[in-house]
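Working through the structure, step by step
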Amino acid sequence: MVKLRAMTEDDFPAYRTFFIEEYAQDLASTRHIPIDDARRDATHSIDNALGAGPDTQGVKLWCITPAKHDDTLGYLWVGLNGPVAWIYDFCLLPQWRGKGYGRAALTQLRQTLIAMGIQEMGLRVASNNPGAKALYEKSGFIVTGFNMSQRIN
């Protein structure tokens, strides 16, 4: 149903723009900070973590596409640390959500990581995103902990 295509330098600017806005909305909602501060934090986050874009060491960036053509359905950003992969970002573009592509992408990711010798994958899901939590649970993920924070200023 889907394939993972290695993200190119040409793909990266569209992903960066999408990531900043999606992550900023998440930060503003879950951390109760102004959206301008959230956008600044999201921009800082991706620019620090992926300074070399798709060529950044220790990560894999993929575009999620339908199996039969190269339209971009979404993106995956995965960090690699020995036998463990951490999904830093997994997103489908809004028009492709709720159509089975998310589960198919996670299945494809699992197969890809197994072929790479990865033994475990993990991720964080926002507390205000029950749809994503349900998708991950249906895909075999289990809760291993909770992230918590407190505003102190």
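See above for the structure.
Residues numbered from 1 in each chain as written. Predicted model: local features only at pLDDT ≥ 70, side-chain atom pairs only at ≥ 80, totals over all residues. Heavy atoms only, no water.

1. Brief notes about the pairing of strand S2 (residues 59-66)
- Most of S2 sits out of view: seven of its eight residues are buried.
- Of the pairings in the sheet, the one linking strand S1 (residues 2-6) to S2 comprises five bridges and is antiparallel in character. Bridging from a neighbouring strand, Ala6 pairs with Trp62 of S2.
- Bridging between S2 and strand S3 (residues 74-81) involves six bridges; their strand directions are antiparallel. Its bridge partner lying in S3, Ile64 is registered against Gly74. (Buried < 20%, exposed > 50% of the residue type's maximum accessible area, 1.4 Å probe, protein only. Helix = DSSP H or I, 4+ residues; strand = E, 2+ residues; numbered from the N terminus. Pairing = 2+ DSSP bridges.)

2. A short note on the packing of helix H3 (residues 101-115) against helix H4 (residues 130-138)
- Remark: H3 packs on H4, axes separated minimally by 10 Å, with the N-to-C direction vectors making an angle of 45°. With respect to each other, H3 and H4 are oriented oblique. Both H3 and H4 take part in a crossing whose hand is right-handed. Where H3 approaches H4, its residues Gly102, Arg103 and Leu106 are matched on the opposing element by Leu135, Tyr136 and Lys138.
- A per-class count over the contact of H3 with H4 returns three nonpolar, one polar and two charged. (Axes fitted to C-alpha atoms, helices over the stretch in contact; angles between N-to-C directions. Parallel < 35°, antiparallel > 145°, perpendicular 65-115°, else oblique. Left-handed = near helix turned anticlockwise from the far one by under 90°. Contact = heavy atoms within 4.5 Å. Nonpolar A, V, L, I, M, F, W, Y, C, P; charged D, E, K, R; others polar.)

3. Comments concerning the packing of aromatic side chains
- This model, assessed by the stated rule, comprises ten aromatic pairs.
- When the centroid spacing of 6.3 Å and the interplanar angle of 55° are considered together, the rings of Phe12 and Tyr15 count as tilted. Of this pair, Phe12 and Tyr15 both sit in helix H1 (residues 12-31), three residues apart, roughly one helical turn.
- Owing to a relative accessible area of 10%, Phe12 belongs among the buried residues under this scheme. (Phe/Tyr/Trp six-rings, centres within 6.5 Å; stacked < 30°, edge-to-face > 60°.)

4. A word on the side chain of Thr56
- Mapping Thr56 onto the fold places it in the loop between helix H2 (35-49) and S2.
- Overall, Thr56 belongs to the buried group, its relative accessible area being 14%.
- Within polar-contact distance, the side chain of Thr56 engages the backbone nitrogen of Ala52 at 3.2 Å.
- Within the structure, the side chain of Thr56 is placed 2.8 Å from the backbone oxygen of Gly53, a separation counted as a polar contact. (Polar contact = N/O pair within 3.5 Å; in protein donor to acceptor, adjacent residues only side chain to side chain.)

5. Concerning the pattern of salt bridges
- All told, the structure shown has eleven salt bridges when counted by the stated rule.
- Between Asp70 and Lys3 there is a salt bridge, with its nearest N and O atoms 3.4 Å apart. Of this pair, Asp70 sits in the loop between S2 and S3 while Lys3 sits in strand S1, and the two are 67 residues apart along the sequence.
- The salt bridge involving Arg40 is made with Asp37; its shortest N-O contact spans 3.2 Å. Placement of both Arg40 and Asp37 in helix H2 is noted, with a separation of three residues, approximately one turn of the helix.
- In this structure, a network of salt bridges that share partners links the residues Lys3, Arg5, Asp11 and Asp70. (Salt bridge = Lys/Arg side-chain N within 4 Å of Asp/Glu carboxyl O.)

6. Looking at the environment of Ser29
- As for its position among the elements, Ser29 is in helix H1.
- Residue classification places Ser29 among the partly exposed residues on the basis of a relative accessible area of 36%.
- On a C-alpha basis, the gap between Ser29 and Asn128 in space is 7.9 Å, while along the polypeptide they are 99 residues apart.

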